[in-house]
Amino acid sequence: MAQQVSMTARERRHRRVRKRIFGTVERPRLAVFRSLQHIYAQLIIDGESRTVLSVSSLDPQLREVTVEGKSDMARRVGQLLGERALAAGFEACVFDRGGYLYHGRVAALAEGARSAGLKF
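What counts and what doesn't
- Residues numbered from 1 in each chain as written.
- Predicted model: local features only at pLDDT ≥ 70, side-chain atom pairs only at ≥ 80, totals over all residues.
- Heavy atoms only, no water.
- Helix = DSSP H or I, 4+ residues; strand = E, 2+ residues; numbered from the N terminus.
- Buried < 20%, exposed > 50% of the residue type's maximum accessible area, 1.4 Å probe, protein only.
- Areas by Shrake-Rupley, 256 points an atom, 1.4 Å probe, with all protein chains shown as cover.
- Pairing = 2+ DSSP bridges.
- Axes fitted to C-alpha atoms, helices over the stretch in contact; angles between N-to-C directions.
- Contact = heavy atoms within 4.5 Å.

**Q** Tell me about the overall build of the chain, and name the residues and values.
**A** When helices and strands are tallied, the chain shows 4 helices and 4 strands. For the chain, the sequential pattern of α-helices and β-strands runs α-β-β-β-α-α-β-α. Taken over the C-alpha atoms alone, the chain extends approximately 55 × 30 × 20 Å along its principal axes. By residue count, 39% of the 120 residues in the chain fall in the buried class. With an accessible surface of roughly 7400 Å², the chain has 50% of that area assigned to carbon and sulfur atoms.

**Q** Provide a residue-level description of the sheet that holds strand β2 (residues 39-45), including the pertinent values.
**A** On the basis of which strands lie adjacent, the open sheet formed by 4 strands has the order β3-β2-β1-β4 and mixed pairing. Looking at the sheet topology across the chains shown, the edges are occupied by β3 (50-56) and β4 (94-96). The sheet shows a mean angle of 20° between the axes of neighbouring strands, taken without regard to direction. Relative to β4, strand β1 (residues 29-34) is paired through 3 bridges, and the arrangement is parallel. Bridge pairing links Arg29 to Val94 in β4. Contacts from helix α3 (residues 70-88) reach β1, β2 and β3, with the element oriented near 140° to β3.

Read these as geometric descriptors, not functional statements.
Below you can see the structure in the form of structure tokens.
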């Protein structure tokens, strides 16, 4: 008999969204994970199962910066990710909000990445 696994609403939304989103070499997937304290973003090439770039609020470059709040930190994480992605040769990506609503810190991260020049 198969055991049922209970999923949260966020996990169900994430699986539903991931059916349609796929990162390629030309347009990697920008995956976002949000915890209570920090925010993490990765550029992933799904065809190769490879993480190309990763930035979080724990990054040494961001730890020394004073911020107004968590949304401001998310915006700075997005800007840093966008700058590093452009330096690595990626101009566009596919945004994967990870089942989170496009609001608050998730939207701030996307806004920061766009302001750095990354296209979605």
